[in-house]
Structure formats: C-alpha cells, structure tokens
Amino acid sequence: MTRTLFVSFGTRPEAIKMAPVVQELHRREHFHVITCLTGQHREMLDQVVETFGLPVDHDLDVMRRTQSLTHITSAVLQGLEPLLVERGADMVLVHGDTTTTFATALAAFYHQIPVAHVEAGLRTDTLYNPYPEEANRRLTDRLAELLFAPTPAARESLLAEGSPDEGVLVTGNTVIDALMATAEKDPPQWEPQIREALSRPGKKILVTVHRRESWGVPMQSIARAIRETCERHEDVTFIFPIHLNPVVRETFRGILGGLRGVVFTDPLSYRPFVHLMKTVDLVITDSGGIQEEAPTLGKPVLVMRDTTERPEGIDAGTARLVGTDTQAIAAALSELLTDQTAYSRMANAVNPYGDGKASARIADQLEYFFGYRQEPAEAFGPPAEK
Ligand code: UD1
Ligand code: UDP
C-alpha cells in the first residue's frame with residue numbers, strides 16, 4: 001500500500017527548497033507524490049522547475065501582474081479544493097512562509113488532511129516584519145501536524161509556542177541540499193552582461209531586494225545606498241538580478257538606471273545564480289534563502305532588513321543585519337570594501353543551516369509517521385562551535 005503525498009509550492013524559493021524533497025520522495029517506494037504549482041510566481045518558478053526537472057501534475061496558474069494577498073489566498077483556496085477532493089491525499093506538504101504556504105495549509109485543513117510544514121519555526125516575533133511572512137509561518141505551524149524545523153533554534157521556538165515535541169524534527173534546511181548539489185556542477189556560460197561585469201577590475205557585489213515591507217521609502221533608501229557607494233568607490237560593480245515585481249523594478253531602475261557601476265539582469269536560473277554567489281566578493285540582500293546560502297559559500301552578507309528570523313548566520317559572523325537606512329548600508333559596504341580585516345572576519349564558510357541531508361531526514365520521518373519505519377529519523381545537529 002502506498003500513501004499519497006500532495007506537495008504544493010508557488011514561488012521561486014519554495015520550489016528551490018522543495019525540489020530536493022520532491023526528488024527524495026519520488027525515490028521512496030511507499031509514496032505516491034502529486035506536485036501542484038500554485039503559480040503564485042510564473043517565470044521565476046518555471047526557471048526552478050526546469051533546472052531541477054521537477055515533475056508537475058497540476059498548475060493553478062494564479063499569478064496576476066499586481067496581485068494582492070487576498071487574490072493569492074482566495075485563488076489558491078479555490079483552486080486546491082477540487083484537486084484535494086478528486087485526487088485525495090494522505091498528507092499535504094508545504095514549505096516556508098509565503099501566501100501559497102498558508103493558503104495551501106488552510107485548504108488542507110478544511111479537508112481534514114494532515115499538513116507537514118518544511119522550514120517550520122522561523123520567527124522574528126514581530127508580526128508585521130517580515131510582512132506577511134511572519135503571520136504566514138505562525139499560522140501554518142498552528143495547522144501542521146508534522147513540523148520540520150531547519151535548526152535547533154527553530155525547534156525551540158515551536159516548543160515554546162506549545163507544539164508537541166514528537167511532532168517536531170530538526171532536519172537542517174533543504175536549501176543546503178539544493179545548494180550543495182548545484183554548487184558542485186560546472187559553472188554556466190555567463191550571459192554577456194554578467195561576463196562583461198565580471199571582467200571589470202575591482203570588487204563585485206551581488207544584490208537582491210524584494211520584500212513587501214520595504215516597498216516605498218525603505219526600498220528607495222536601499223537604492224540610494226547603492227548609488228552612494230558607486231560614487232564613493234568608482235571601481236566597484238553591483239550585479240543586480242532584479243525581481244520581476246513591477247514595484248521593485250520601478251524603484252531601482254528609477255534611482256540607479258544609467259549608473260555604470262550597477263549591472264541589472266533579469267532573475268537568473270539557480271545554477272548561474274549559485275555560481276555568481278561563489279564568484280562575487282560579497283552579497284547584499286533582503287532574501288531569506290540567500291542568508292542561508294551565503295555562509296555556506298563563505299561570502300559575507302549584509303542583510304538589508306530590520307529583523308531576521310535567521311540568527312544563525314549572524315551568530316556565526318558571516319551575516320550582518322544592517323537595516324534599510326542609506327547611511328548605515330553605505331557605511332557597512334565601505335568598511336567591507338576597504339578594510340581587509342573586517343572582510344576576512346566575515347568571509348568564513350560555515351554551515352549552521354544544514355548538511356545536505358535534510359530531504360532524506362524528512363522522507364525518513366514521513367515513513368516513520370506512516371508506519372513504514374520503526375524508528376524516527378535522526379535529527380540534524382549543526383557543527384559544534386570551534
Ligand atoms: C513572494 C512571497 C515572499 C517571497 C518571495 C520570493 C508572499 C506574499 N510573498 O513575494 O514571501 O519571499 O515571493 O521571491 O507570498 N512576478 C512576475 N513573475 C514571476 C514572479 C513575480 O511577474 O515569476 C511579479 C508579478 O507582477 C507579481 C509580483 O511580481 O504580481 C509579486 O509577486 P508576489 O508573489 O505577490 O510577491 P513577491 O514579492 O514575489
Ligand atoms: N535566486 C535565484 N536567482 C536569482 C535570485 C535568487 O535562483 O536571480 C535564488 C537564491 O539562490 C535563493 C532563492 O532564489 O535560493 C531566494 O529567493 P528569493 O530571494 O526570491 O526569496 P526569499 O528567500 O527571500 O523568500
């Protein structure tokens with residue numbers, strides 16, 4: 001007898017982080033896996049699906065050009081209902097903290113199907129920061145029966161909120177599974193803009209920004225910090241694969257358009273992006289996933305947010321929370337560009353987020369949950385501090 005696992009994801013980071021899970025579950029004989037894209041993202045999601053060769057059984061195709069949270073939530077709820085009824089499922093798997101994540105968990109709950117939450121327990125404890133992700137992840141964790149916490153700190157947060165110990169497993173983050181598998185592949189053929197940018201003398205800085213709570217003044221302030229850094233350090237090149245959100249594009253192109261020190265590209269596929277992270281000197285971002293990847297690659301990362309749910313990289317010294325103030329970001333950049341000691345202090349390869357085996361632990365624990373194994377999966381323990 002096999003069990004049917006219904007895996008739903010809708011955005012770029014969910015797809016990257018669920019790809020190794022889907023691949024692992026397909027290798028397990030007891031599971032029949034159904035994959036459903038909500039299509040909250042389109043091109044950026046399709047890039048990942050293609051990169052990992054993921055099988056897709058359903059696609060709700062919900063994305064609209066300027067979509068509201070209400071649109072995503074209601075379209076996912078409406079779209080999933082007939083599928084969950086027709087296909088049936090023994091468990092629904094969701095990832096992370098997007099609106100796809102929460103809406104899928106809610107749809108499963110409405111049909112009394114147990115939910116497993118991958119990357120559970122991340123918290124800033126500030127409801128509106130990040131917005132709406134902090135609420136999405138808290139609500140999803142309340143609805144989930146199995147909680148796959150990436151780190152011991154995430155497990156502690158779940159236990160402190162009253163989640164039962166036996167429902168929580170520390171697995172490591174599946175992004176490290178995806179990253180390790182991708183980083184060992186050959187570097188890609190760079191597209192011409194990136195090849196030209198990398199051929200310039202001077203330091204290279206990789207930038208990504210997209211968070212909803214930064215729309216407006218904080219995002220303009222981040223853009224001005226980049227402009228100011230280009231003016232102060234003429235040999236520095238920012239490489240900026242810019243998110244497809246029109247709000248983000250208009251803000252950055254408006255303030256940075258025409259600057260020689262800023263090279264914009266469309267979002268990159270995962271393999272080129274990983275190799276670019278390996279190649280540049282440092283990374284500035286508000287991304288969650290990149291905060292987890294950069295430490296593994298030994299790249300200093302400045303986190304342009306006021307809070308983070310990923311304190312491990314900061315504790316390890318490879319990440320710094322710099323906020324969104326122009327002067328604070330510009331000062332932190334200048335320090336890393338000019339002070340070799342400060343740079344070297346941050347450029348350490350550490351792995352607080354995983355060891356590449358998170359997906360295997362998740363599959364093992366699912367087998368245990370359904371009675372195919374006698375013992376629960378072994379938990380991930382990050383390397384002890386030196
Ligand atoms: C979403 C998630 C966020 C996650 C981020 C990863 C929510 C509310 N937000 O934010 O948690 O960190 O994805 O990138 O779940 N667009 C395209 N093509 C694409 C993707 C996006 O054109 O492939 C444009 C569309 O105009 C879309 C807009 O971007 O309306 C915003 O997309 P949306 O998913 O609502 O928000 P993100 O900022 O991407
Ligand atoms: N990423 C990518 N191409 C890009 C930018 C990012 O493949 O042009 C990857 C990155 O390596 C990470 C993930 O996308 O794994 C992060 O996605 P994003 O920043 O959109 O979302 P978040 O992690 O903040 O939720």
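Structure's up top.
Treat the numbers as computed from the prediction; the structure is a model and nothing was measured.

A.B. asks: How would you sum up the pattern of salt bridges? Please name residues and give values.
C.D. replies: Two side chains of opposite charge can pair, provided their charged atoms sit close to one another. Within this structure, the stated rule accounts for 32 salt bridges. The residue glutamate 133 makes a salt bridge to arginine 211 at a minimum N-O spacing of 3.0 Å. Residue glutamate 133 is located in helix α5 (residues 133-143), and its partner arginine 211 is located in the loop between β8 (204-208) and α9 (217-232); the two are separated by 78 residues in the primary sequence. Comparing glutamate 133 with arginine 211 shows no difference in burial state: the two are buried. Of the charged contacts, one joins glutamate 134 and arginine 138 as a salt bridge, the two residues approaching to 3.3 Å between their closest N and O atoms. Here glutamate 134 and its partner arginine 138 are both found in helix α5, four residues apart, which amounts to about one turn of the helix. Because the salt bridges share partners, they merge into one network encompassing Lys17, Asp97, Glu119, Glu134, Arg137, Arg138, Glu292, Arg305, Glu309 and Arg310.

A.B. asks: So what about the site of ligand 2? Which residues, and what values?
C.D. replies: Taken together, 16 residues sit near ligand 2, with Arg12, Leu268, Gly288, Gly289 and Glu293 positioned nearest. Serine 287 is positioned with one of its side-chain polar atoms (N or O) 2.8 Å from an oxygen atom of ligand 2. Separating an oxygen atom of ligand 2 from a backbone N or O atom of glycine 289 is a distance of 2.7 Å. Burial of ligand 2 by the surrounding chains reaches 95%, relative to a free accessible area of 540 Å². At the level of elements, α1 (12-27), α11 (270-279) and α12 (288-296) are the ones that each hand at least two residues to the shell around ligand 2. Tallying contributions element by element places α12 first for the shell around ligand 2, with four residues. A class-by-class count of the residues in the shell around ligand 2 yields nine nonpolar, four polar and three charged.

A.B. asks: Can you break down helix α7 (residues 174-183) residue by residue, with the values?
C.D. replies: By the criterion of burial, α7 is predominantly enclosed, with eight of the 10 residues buried. Those residues of α7 not exposed but buried are Thr174, Val175, Ile176, Asp177, Ala178, Leu179, Thr182 and Ala183. The residue sitting at the N-terminus of α7 and contributing the capping side-chain oxygen is asparagine 173; that oxygen lies 2.9 Å from the backbone nitrogen of valine 175.

Calculation criteria
All residue numbers refer to position in the chain's written sequence, counted from 1. Each chain takes a letter, starting from A, and each ligand takes a number, starting from 1, following the order in which they are written. Only residues with pLDDT of at least 70 get local features here, since the model is predicted, and only at 80 or more are side-chain atom pairs given and counted; chain-wide, interface and lining totals rely on the full set of residues. Only hydrogens and water are set aside; all other atoms, that is, all heavy atoms of the structure, feed into the side-chain values. The salt bridge definition used is simple: a Lys or Arg side-chain nitrogen within 4 Å of an Asp or Glu carboxyl oxygen. Strands are runs of DSSP state E lasting at least 2 residues, helices are runs of H or I lasting at least 4, and numbering of each runs from the N terminus. When accessible area is computed with a 1.4 Å probe and restricted to protein chains, residues below 20% of their type maximum are described as buried, those above 50% as exposed, and intermediate ones as partly exposed. Throughout this document, a residue counts as near a molecule or strand when at least one of its heavy atoms sits within 4 Å of that molecule or strand. In the analysis that follows, any N or O atom pair within 3.5 Å is treated as a polar contact, provided that within protein one partner can donate a hydrogen and the other can accept it, and provided that, for residues neighboring in sequence, both atoms belong to side chains. Here the Shrake-Rupley method, with its probe set to 1.4 Å, supplies the accessible areas, and only the displayed protein chains count as covering residues. Residue polarity follows a fixed list, in which Ala, Val, Leu, Ile, Met, Phe, Trp, Tyr, Cys and Pro are nonpolar, Asp, Glu, Lys and Arg are charged, and the others, Gly among them, are polar.

Shape descriptors only; they carry no functional weight alone.
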